Amino acid sequence: MAKAKKVTVYFCQSCGYESSKWMGQCPGCREWNTFVEESIEKKAAGQLKAAPGGTEELKTTRISEIDMQSKQRMGTGFGELDRVLGGGIVPGSLVLVGGDPGIGKSTLLLQVCRNLAETMEVLYISGEESLQQIKMRAQRIGQFSDGLKLFCETGVERIEQVVERQKPQAVIIDSIQTIYSEEISSAPGSVSQVRETTGRLLRIAKGMEITIFIVGHVTKEGVVAGPRVLEHMVDTVLYFEGDRHASYRVLRGVKNRFGSTNEIGVFEMRESGLMEVKNPSEFMLNGKPKGASGSVVACSMEGTRPVLVEIQALVCHSNFGIPRRTAAGTDLNRVNLLVAVLEKRAGMSISACDAYVNIAGGIRMNEPAMDLGIVMALASSYREKAIDEKTICFGEVGLSGEVRAVNMAQQRVTEAKKLGFETCILPKVSIPGLTDTKGIRIVGVGNIGEAIRQIG
Ligand SMILES: Nc1ncnc2c1ncn2[C@@H]1O[C@H](COP(=O)(O)OP(=O)(O)O)[C@@H](O)[C@H]1O
Ligand SMILES: [Mg+2]
């Protein structure tokens with residue numbers, strides 16, 4: 001029989017692109033300097049042909065014969081996480097939780113373990129921390145039931161054996177970059193290791209109907225393979241993000257085979273672990289200044305949920321030839337474009353000014369419906385006139401200065417009403433779609449000139 005052959009290949013650490021030679025720029029994802037050398041074993045053609053099992057492995061199934069009894073979603077005990085997952089965990093699914101080191105992935109998953117362990121067998125496999133270190137974190141979080149078992153291991157072969165023997169219903173792998181397979185010679189965290197170990201975990205998840213959560217660190221330097229390499233292998237990809245210096249964290253669904261993406265879950269990091277933030281709008285608007293110019297509340301849809309945030313802008317005279325522009329929490333190009341629209345369509349000589357835009361709270365929001373808020377904040381700062389603090393606005397702004405319709409206008413109005421706002425500035429074309437406007441003054445605007453006139 002032909003023998004397995006060792007070959008050297010180059011992998012892009014960012015997207016997993018495979019190449020036989022080193023390249024400066026990855027043709028797959030266009031990142032620079034991401035290729036690293038790895039040696040892998042390629043099986044000879046003869047070895048691949050031998051299919052395991054007999055003819056029964058090739059049995060096909062009618063859709064009506066599939067039993068759905070075991071496919072019920074299970075709650076994780078966190079409403080915010082369930083929402084991002086599309087309504088709870090699906091048995092047999094593989095969920096990747098990515099995020100920067102230290103953001104709170106292990107804490108979140110340990111808390112999920114605690115909730116799940118009340119009703120099922122859960123196995124937490126850590127390749128990063130010792131049992132004592134996990135216990136220390138667990139003590140911070142609270143009481144644990146005996147349904148949770150811990151295992152410190154990095155070899156995927158032994159992990160497979162333990163899972164097969166214990167048959168838990170949920171498994172946590174913390175983190176994929178520390179897990180390795182003995183069959184592959186490259187270091188843990190390299191693209192071929194991450195791919196191989198994830199492939200094996202995928203087979204366990206699908207074969208035994210176990211839900212597996214995988215933790216993946218995101219790195220910019222490409223020292224370890226980024227979770228992007230495995231995004232296409234797993235069913236669901238969640239990113240845990242947030243400013244490490246702020247206490248709140250946002251869990252964002254990036255890919256979901258069993259639910260919608262773009263949903264967010266908001267948590268707050270406390271001494272006793274992560275707490276759900278049930279009403280993010282209230283949380284985001286905390287500390288909004290009163291009577292200050294350049295500040296306005298806007299509404300962005302995050303998945304199916306409207307979130308109100310404060311947009312702050314500061315416009316001042318530039319001391320240099322080229323004005324400075326920065327945008328925190330939103331897209332700088334969009335800010336530049338809106339400044340140009342203000343100059344051209346609203347007659348504001350703002351393009352020679354420095355302009356700084358910030359979404360308060362450090363959250364990232366890129367929905368086009370934020371445009372009108374950014375425009376209002378810039379105009380308010382430029383004119384040094386404060387916008388009424390009980391006013392919110394939303395709408396997309398086009399290049400001719402027109403305010404364009406946005407979707408789900410009613411949900412946004414309802415959220416504003418719930419939080420005690422009295423006026424809502426929105427696109428005129430969205431007004432016919434509104435069904436309930438009792439208790440809030442609706443101001444429809446057709447272009448940015450009309451919107452700016454509302455500042456007073
Ligand atoms: N006693 C504590 N009180 C409050 N926050 C803590 C405490 N201990 C740790 N943390 C928070 O937990 C974070 C570590 O979370 P962890 O789950 O280990 O992150 P990850 O697994 O994503 O690397 C720290 O960044 C810190 O913010
Ligand atoms: Mg961790």
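Model, not experiment: these values are computed from the prediction.

So, on to the environment of Glu18. As for its position among the elements, Glu18 is in strand E2 (residues 18–19). Relative accessible area serves as the criterion here: at 36%, Glu18 is assigned to the partly exposed category. In this structure, the C-alpha to C-alpha distance between Glu18 and Arg252, residues 234 residues apart in sequence, is 29 Å.

Now for the nonpolar core. Residues Val309, Ile311, Leu342, Ile363, Leu372, Met376 and Leu378 are the most contacted members of the largest nonpolar core, which totals 45 residues. Sorting elements by how many residues they give to this core places helix H9 (residues 371–383) first, with seven residues. Among the domains, domain 2 (73–278) and domain 3 (283–452) are the pair contributing at least three residues each to this core. If you look at the next biggest cluster of nonpolar residues, it comprises 31 residues, including Leu81, Ile103, Val112 and Phe213.

The next point concerns the packing of aromatic side chains. Each aromatic ring pair is characterised by the separation of its centres together with the angle its planes make. Tallied over the full model, the rule gives four aromatic pairs. Their ring planes at 80° and their centres at 6.1 Å tell us that Phe240 and Phe267 sit as a pair that is edge-to-face. Of this pair, Phe240 sits in strand E9 (residues 236–241) while Phe267 is found in strand E11 (residues 264–270), placing the two residues 27 residues apart along the sequence. Taken together, the ring pairs connect Phe78, Phe240 and Phe267 into an aromatic cluster.

Bringing the pairing of strand E15 (residues 325–328) into the picture now. For E15 and strand E16 (residues 353–359), the ladder comprises four bridges, and the chain directions are parallel. What sits directly across from Thr326, in E16, is Tyr356. A crossover connection joins E15 to the parallel E16 through helix H8 (residues 332–345); in handedness this β-α-β unit is left-handed.

In total, this model carries 23 salt bridges according to the counting rule given. Its salt-bridge partner being Arg137, residue Glu129 comes within 2.3 Å of it at the nearest N-O pair. Residue Glu129 shares its accessibility class with Arg137, and that shared class is buried. Here Lys278 makes a salt bridge to Glu276, at a shortest N to O gap of 4.0 Å. Given a relative accessible area of 62%, Lys278 falls into the exposed group.

On to the site of ligand 1. The environment of ligand 1 is made up of 14 residues, and the closest members are Gly102, Lys105, Ser106, Thr107 and Arg137. A distance of 2.7 Å is found between an oxygen atom of ligand 1 and a backbone nitrogen or oxygen belonging to Gly102. The fraction of the free accessible surface of ligand 1 (580 Å²) that becomes covered by protein chains is 68%. Put simply, the parts of the chain that give the shell around ligand 1 at least two residues each are helix H3 (105–116), helix H4 (131–141) and E11. Tallying contributions element by element places H3 first for the shell around ligand 1, with three residues.

A few words on the packing of H8 against H9. Relative orientation of the contacting elements H8 and H9 amounts to 60°, with a least axis distance of 10 Å. In terms of orientation, H8 lies oblique with respect to H9. Considering how the two elements wind past one another, H8 and H9 form a crossing that is right-handed. Contacts between H8 and H9 involve Arg334, Val335, Leu338, Val339 and Leu342 from the first element and Asp371, Ile374, Val375, Leu378 and Ala379 from the second. In terms of residue class, the contact of H8 with H9 is made up of eight nonpolar, no polar and two charged.

Turning our eyes to something else, we now look at the sheet that holds strand E17 (residues 391–393). Spatial ordering of the open sheet is given by E15-E16-E14-E13-E17-E20-E21, a layout of seven strands whose pairing is mixed. The open sheet has two free edges, formed respectively by E15 and strand E21 (441–445), since each of these has just one partner strand. Taking the axes of each pair of neighbouring strands and ignoring which way they run, one obtains an average angle of 25° across the sheet. Alignment of strand E13 (residues 295–302) against strand E14 (residues 305–317), held across eight bridges, turns out to be antiparallel. Directly across from Ala298, in E14, lies its bridge partner Val309. Docked against the sheet, H8 engages E15 and E16, running at close to 130° with respect to E15. Relative to the sheet, H9 contacts E13, E14, E16, E17, strand E20 (423–427) and E21, its axis offset from that of E14 by approximately 35°.

Conventions used here
Within any chain, residue numbers begin from 1 and follow the written order of that chain's sequence. Following the order in which they are written, the chains are lettered starting with A and the ligands numbered starting with 1. Under the rules for a predicted model, residues below a pLDDT of 70 receive no local features and side-chain atom pairs below 80 are neither given nor counted, while totals for whole chains, interfaces and linings still include all residues. Hydrogens are left out, water is left out, and the side-chain values use all remaining heavy atoms of the structure. Runs of E in the DSSP output that reach at least two residues are strands. Runs of H or I that reach at least four are helices, and both are numbered from the N terminus. Residue exposure (1.4 Å probe, protein chains only): buried if accessible area is under 20% of the type maximum, exposed if over 50%, otherwise partly exposed. Note on terminology: a nonpolar core comprises buried Ala, Val, Leu, Ile, Met, Phe, Trp, Tyr and Cys residues joined through side-chain atoms within 4.5 Å. Throughout, the edges of the domains are those of an automatic or database domain assignment. Working definition: rings of Phe, Tyr and Trp (its six-membered ring) pair if their centres are within 6.5 Å, and the pair is stacked with planes under 30 degrees apart, edge-to-face with planes over 60 apart, and tilted otherwise. Strand pairing requires that DSSP identify at least two bridges connecting the strands. When the strands point away from the viewer and the path from the first strand over the helix to the second turns clockwise, the crossover is right-handed. A pair is scored as a salt bridge if a Lys or Arg side-chain nitrogen falls within 4 Å of a carboxyl oxygen belonging to Asp or Glu. If a single non-hydrogen atom of a residue is within 4 Å of a molecule or strand, that residue counts as near it. Here a polar contact is taken to be a pair of N or O atoms separated by no more than 3.5 Å, where protein atoms must pair a possible hydrogen donor with a possible acceptor and residues adjacent in sequence count only if both atoms sit in side chains. Computed by Shrake-Rupley with a 1.4 Å probe, the accessible areas treat only the displayed protein chains as cover when residues are assessed. Every angle, taken between N-to-C directions, lies between 0 and 180 degrees, and every axis is a line fitted to C-alpha atoms, over only the stretch in contact when it is a helix. Orientation labels follow simple angle bins: below 35 degrees gives roughly parallel, above 145 gives roughly antiparallel, 65 to 115 gives roughly perpendicular, and whatever is left gives oblique. A clockwise turn of the near helix away from the far one marks a right-handed crossing, whereas an anticlockwise turn of less than a right angle marks a left-handed crossing. Should any heavy atoms of two residues lie within 4.5 Å, those residues are counted as being in contact. Side-chain classes follow a simple rule in which Ala, Val, Leu, Ile, Met, Phe, Trp, Tyr, Cys and Pro form the nonpolar group, Asp, Glu, Lys and Arg form the charged group, and the remainder, Gly included, forms the polar group.

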